[in-house]
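Commentary on secondary and tertiary structure
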Amino acid sequence: MKKITLVPGDGIGPEIAKSVQDIFAAMKVPVEWELVDCGLAALEKTGELMPKAFVESLNRNHVALKGPTTTPVGGGHRSINVQMRQMFNLYANVRPIKNFPGLPSHFSGIDLIIVRENSEDLYKGIEYMISEGVAQGIKLITAEASERIGRHAFELAKKLKRKKVTVVHKANIMKFTDGLFLDSIRKVSADYPDIEFNDIIVDNCCMQLVMKPQQFDVIVTENLYGDILSDLCAGLIGGLGLASGANIGDKSAIFEAVHGSAPDIAGQNKANPTALILSAASMLDYIGMLDFGNKLRDAVGKTLANTEQRTGDLGGTLGTKEFTACIIQNLK
Ligand code: NAI
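Residues numbered from 1 in each chain as written. Predicted model: local features only at pLDDT ≥ 70, side-chain atom pairs only at ≥ 80, totals over all residues. Heavy atoms only, no water.

**Structural notes on the site of the ligand**
Put simply, the test is: If even one non-hydrogen atom of a residue comes within 4 Å of a molecule or strand, that residue is called near it. Contacts described as polar in this section are N or O atom pairs within 3.5 Å, which, within protein, must combine one atom able to donate a hydrogen with one able to accept it, while residues neighboring in sequence count only if both atoms come from side chains. Computed with the Shrake-Rupley method and a 1.4 Å probe, the accessible areas treat only the protein chains shown as cover for residues. Under the convention adopted here, Pro, Cys and the residues Ala, Val, Leu, Ile, Met, Phe, Trp and Tyr are nonpolar, Asp, Glu, Lys and Arg are charged, and Gly plus all remaining residues are polar.
Near the ligand, the surroundings consist of 19 residues, among which Thr69, Gly260, Ala262, Asp264 and Asn272 are the closest. A distance of 2.9 Å separates an oxygen atom of the ligand from a polar atom in the backbone of Thr69. A distance of 3.2 Å separates a nitrogen atom of the ligand from a polar side-chain atom of His259. Relative to its unbound accessible area of 810 Å², the ligand is 63% covered by the protein chains. Taken together, the residues of the shell around the ligand break down into seven nonpolar, eight polar and four charged.

Given below as structure tokens:
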């Protein structure tokens, strides 16, 4: 039995986490959940947004599935997600983008993965005022972090039997920073002769994504471009409601839906659990249970293909529990 840390989270978090637990039980996935609180739920009980119990649990289990957490406005609270990324050195943000047949979206046949470097670039936070009315920010790129994310992308491609890795950059203009990123990943690509490698400039990539997104397989890119491209790609498949994500480091990984805690529909059996379910499927791939991961994605696909089997946000009539029951039915 593999132990996994489960953070139900706030708002709709507990309802969609329960959906994943029920599906895993029906599939007889050999995992055992260790439940810990983070976010508002934890703040109320322990006075901390990210309590010691969570840190200890992740240090023990190394893998977590996290429901969305509410970051309280004001009070000087730092975002939990930023804290987690830094504390556990989760340098790779991985977002699979796949559209499901029958669901309304601008395109069909998209099946790509964005691997975003999560630790440096303009998001390093090195910025200041030089003088009145003049601000400066530093774009920090290192060969070490660039090679690390490049290797992560190629290893993921190898594991998931993907055919191509594309590095997205702007090295024609930023010759030192993006040039270093591109060169570092090109160097890594030499170790993977069976996987096609190419590069594309970020502005052209945006155009290609909205013209012919099916041409992309695995995309690896810097922090800022990755942030923008991953939301753009979520839009290509119908919005954030289906977007799953993961923050991965060398020792630990946290899998979570991209959406927030949706307080407006919390506790009403209205939440769509798909994004967290798909995050759980990526988690199964990560821990080497690829067959379970594929089976789960197939059941989600089969469920969403039927217009009668959708939640309200996708124009359907089902509640969280009824939708979960359909997925369980479609596992067979
Ligand atoms: P949100 O994603 O929670 O909600 C935006 C809209 O989408 C709402 O109308 C909501 O009802 C709907 N929605 C979101 N997820 C849904 C689902 N699974 N099924 C059906 N409808 C869904 O974004 P918002 O309102 O900006 O943030 C609410 C809280 O969530 C904030 O406290 C924010 O800090 C937190 N948040 C947490 C994240 C995380 O833990 N990873 C990520 C984003 C926001």
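**Section: the side chain of Arg162**
To keep it simple, the criterion reads: For helices the rule is a DSSP run of H or I covering at least 4 residues; for strands it is a run of E covering at least 2, with both sets numbered from the N terminus onward.
Structurally, Arg162 can be placed in the loop between α5 (143-159) and β8 (164-169). Side-chain polar atoms of Arg162 contact the backbone oxygen of Asp111, separated by 2.9 Å.

**Some thoughts on the packing of helix α9 (residues 274-286) against helix α10 (residues 290-305)**
For the record, the criterion: Note on geometry: axes are lines fitted to C-alpha atoms, helical ones only across the stretch in contact, with angles between N-to-C directions running from 0 to 180 degrees. When describing relative orientation, an angle under 35 degrees is termed roughly parallel and one over 145 degrees roughly antiparallel, while 65 to 115 degrees is termed roughly perpendicular and anything else oblique. In a left-handed crossing the near helix is turned counterclockwise from the far helix by less than a right angle, and in a right-handed crossing that turn is clockwise. In this analysis, two residues are considered to be in contact whenever any of their non-hydrogen atoms come within 4.5 Å of each other.
Two elements in contact, α9 and α10, have axes whose closest approach is 7 Å; the angle formed by their N-to-C orientations is 155°. In terms of orientation, α9 and α10 fall into the roughly antiparallel class. Here α9 and α10 pass one another in a crossing that is left-handed. Side by side, α9 and α10 meet where Thr274, Ile277, Leu278, Ala281, Ser282, Leu284 and Asp285 of the first sit next to Leu290, Phe292, Gly293, Leu296, Arg297, Val300 and Leu304 of the second. Looking at the contact of α9 with α10 residue by residue, the classes come out as nine nonpolar, three polar and two charged.

**Considerations on the packing of helix α1 (residues 13-27) against α9**
The contact between α1 and α9 brings their axes to 9 Å, and the two run at 50°. Taken together, the axis directions place α1 and α9 in an arrangement best described as oblique. Of the two possible hands of crossing, α1 and α9 adopt the one that is right-handed. Contacts from Ile16, Ala17, Ser19, Val20, Ile23 and Phe24 of α1 reach α9 at Leu276, Ile277, Ala280, Met283 and Leu284. Each residue belonging to the contact of α1 with α9 can be placed in one class, and the counts come to 10 nonpolar, one polar and no charged.

**Here we look at the domain arrangement of the protein chain**
So the rule is basically this: The split into domains, and so the bounds of each, comes from an automatic or database assignment of domains. In this description, buried area is defined as the sum, over both parts, of the accessible area (probe of 1.4 Å) that is lost when the two are combined.
Its domain assignment divides the protein chain into domain 1 (1-100 + 238-332) and domain 2 (106-110 + 118-222 + 231-237). Placing a centre on the C-alpha atoms of domain 1 and another on those of domain 2 gives a separation of 26 Å. Opposite the 21 residues of domain 1 that make contact, domain 2 presents 18 residues. Across the domain 1/domain 2 interface, buried area totals approximately 1,700 Å², and carbon plus sulfur atoms make up 54% of it.

**Looking at the packing of aromatic side chains**
Threshold: By convention, a stacked pair of Phe, Tyr or Trp rings (six-membered ring in the case of Trp) has centres within 6.5 Å and planes under 30 degrees apart, an edge-to-face pair has planes over 60 apart, and any other such pair is tilted. Between buried and exposed lies partly exposed: a residue is buried under 20% and exposed over 50% of the maximum accessible area for its type, with that area taken using a 1.4 Å probe on protein chains only.
Considering all chains together, one arrives at five aromatic pairs under this definition. On the numbers, 6.2 Å between centres and 90° between planes, the contact of Phe54 with Phe88 is edge-to-face. In this pair, Phe54 is assigned in helix α3 (residues 52-61) and Phe88 in the loop between α4 (80-87) and β4 (92-98), connecting sequence segments 34 residues apart. Judged by its relative accessible area of 9%, Phe88 is buried. Ring centres 6.1 Å apart and planes at 40° place the aromatic pair Phe154 and Phe197 in the tilted group. You can see Phe154 sitting in helix α5 and its partner Phe197 sitting in strand β9 (residues 196-201), a full 43 residues away along the chain. With relative accessibility at 22%, the residue Phe197 sits in the partly exposed group. Among the aromatic residues, those joined into a ring-pair cluster are Phe154, Tyr192 and Phe197.

**A short note on the nonpolar core**
What counts here: In this description, a nonpolar core means a group of buried Ala, Val, Leu, Ile, Met, Phe, Trp, Tyr and Cys residues linked to one another through side-chain atoms lying within 4.5 Å.
Counting 63 residues, the largest nonpolar core has Phe24, Trp33 and Leu65 as its most contacted members. Element by element, the count of residues in this core is highest for α9, at eight residues. Formed jointly, this core draws a minimum of three residues from each of two domains, domain 1 (1-100 + 238-332) and domain 2 (106-110 + 118-222 + 231-237). Core analysis: the next-biggest nonpolar cluster, separate from the first, contains 16 residues, Ile110, Tyr225, Leu229 and Leu236 among them.

**Brief notes about the pattern of salt bridges**
Our working rule: By definition, a salt bridge exists where a carboxyl oxygen of Asp or Glu is found within 4 Å of a side-chain nitrogen of Lys or Arg.
Scanning the model with the defined rule gives 19 salt bridges in all. Note that Arg186 and Asp199 form a salt bridge whose closest N and O atoms lie 3.9 Å from each other. Here Arg186 is found in helix α6 (residues 177-189), whereas its partner Asp199 is found in strand β9, with 13 residues between them in sequence. Given the relative accessible area of 35%, Asp199 is considered partly exposed. Within the structure, one salt-bridge network assembled from shared partners comprises Asp121, Lys139, Asp178 and Glu222.

**Digging into the side chain of Gln309**
Tracing the backbone shows Gln309 in the loop between α10 and α11 (320-330). A polar contact is formed between the side chain of Gln309 and the side chain of Asn330, at a distance of 3.1 Å. Non-local contacts of Gln309, meaning those with residues more than four positions away in its chain, are made with Lys302, Thr303, Leu318, Phe323, Cys326 and Asn330.

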